[in-house]
Amino acid sequence: MWLLLVSIVLVSAAQDGDKMLEGEECVPHSQPWQVALFERGRFNCGASLISPYWVLSAAHCQTRFMRVRLGEHNLRRRDGPEQLRAVSRIIPHPNYEARSHRHDVMLIRLLQPARLSPQVHPVALPTRCPRPGESCVVSGWGLVSDKEPGATGSPESQVSVPDTLHCANISIISEASCNKEYPGRVLRTMVCAGIEGGGTDSCEGDSGGPLVCSGALQGIVSWGDVPCDTTTKPGVYTKVCSYLEWIRETMKRN
């Protein structure tokens, strides 16, 4: 099995003395573009604010009764900067294919614009495609690993659902390396990210959530190997730079 469902595990192990261990809680509101998508009051997916009216996520996150929450950190507590928004339009890519994850990208138009603040702010769209080895941050409310390196036991006891947004430092994996891990499955419109060489630090945050590299949104969490806390394979993202024309044209028309 390699399809990532709505939530995927956010795991990051220490690398070269970095402080990232098992995926850490983000500094509150350090990812002001992070969006939480809810379906009938239940958390469903991550997403990214790209303008006051528009949110970008994965097409496989589409639901009928979607609500958008901005300025979130702890999903179970109100800190003050949260904003709840209804949705006026949900626009998945017209050629999205669930089986192959091709064109796994979706635009969401808010009924009322986001009120911009230090805690709620759009992320820049990229002006170039991501480069192998480039450092990035992935964030989400997906499962996190409780497992210490080398620990044994049932997987069920080693993962938990966090209330707070978690972040992990990862890097862009080369196309050649990624194709070795997923032969024939990685398309030109996808990009891999994780820790080169694998290990328990190769999974990311929630489906639909942001992969931000050098201040720009380079990826949307799409799919990968499961179970995420034991795989050695990187996560696969929708490559945002491949969809800039579709994103801009769709926003202009709607």
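Right above here is the structure, for reference.
The present account deals with the structure reproduced in this document. The model shown is predicted, which means the values in this text are computed figures rather than measured ones. (Residues numbered from 1 in each chain as written. Predicted model: local features only at pLDDT ≥ 70, side-chain atom pairs only at ≥ 80, totals over all residues. Heavy atoms only, no water.)

This brings us to the state of the cysteines. Under the definition given, this model contains 5 disulfides. Paired by a disulfide, Cys26 and Cys167 hold their sulfur atoms 2.0 Å apart. The S-S bond linking Cys26 to Cys167 shows a torsion near 105°; that makes this disulfide right-handed. Residue Cys26 is found in the loop between β1 (24-25) and β2 (34-39), and its partner Cys167 is found in strand β11 (residues 166-173); the two are separated by 141 residues along the sequence. The same class applies to Cys26 and to Cys167, which are both buried. (Disulfide = S-S within 2.5 Å. Helix = DSSP H or I, 4+ residues; strand = E, 2+ residues; numbered from the N terminus. Buried < 20%, exposed > 50% of the residue type's maximum accessible area, 1.4 Å probe, protein only.)

Moving on, we get to the pattern of salt bridges. Applying the stated criterion across every chain yields a total of 7 salt bridges. A salt bridge links Glu97 to Arg102; the nearest nitrogen and oxygen atoms lie 3.4 Å apart. Of the charged contacts, one joins Arg128 and Glu134 as a salt bridge, the two residues approaching to 2.8 Å between their closest N and O atoms. For Arg128, a relative accessible area of 27% corresponds to the partly exposed category. Overall, the relative accessible area of 9% leaves Glu134 in the buried class. (Salt bridge = Lys/Arg side-chain N within 4 Å of Asp/Glu carboxyl O.)

Moving on: unusual backbone geometry. For Arg40, which is not glycine, the phi dihedral falls at a positive 50°. Looking at the element boundaries, Arg40 is found in the loop between β2 and β3 (42-51). Owing to a relative accessible area of 65%, Arg40 belongs among the exposed residues under this scheme. At Ser214, a residue that is not glycine, the phi angle is positive and equals roughly 50°. Structurally, the position occupied by Ser214 is in the loop between β13 (210-213) and β14 (216-223). A residue is classified by how much of its surface remains accessible, and Ser214, at 59% relative accessible area, is exposed.

This part takes up the pairing of β13. Of the two faces of β13, the one lined by Pro210 and Val212 and the one lined by Leu211 and Cys213 are each fully buried. Pairing geometry for strand β8 (residues 135-140) and β13, over 3 bridges, is antiparallel. Bridging across to β13, Val138 finds its partner in Leu211. As defined by bridge partners, β13 adjoins β14 across 4 bridges and the pair is classed as antiparallel. Paired with Pro210 across the two strands is Ile220, which belongs to β14. (Pairing = 2+ DSSP bridges.)

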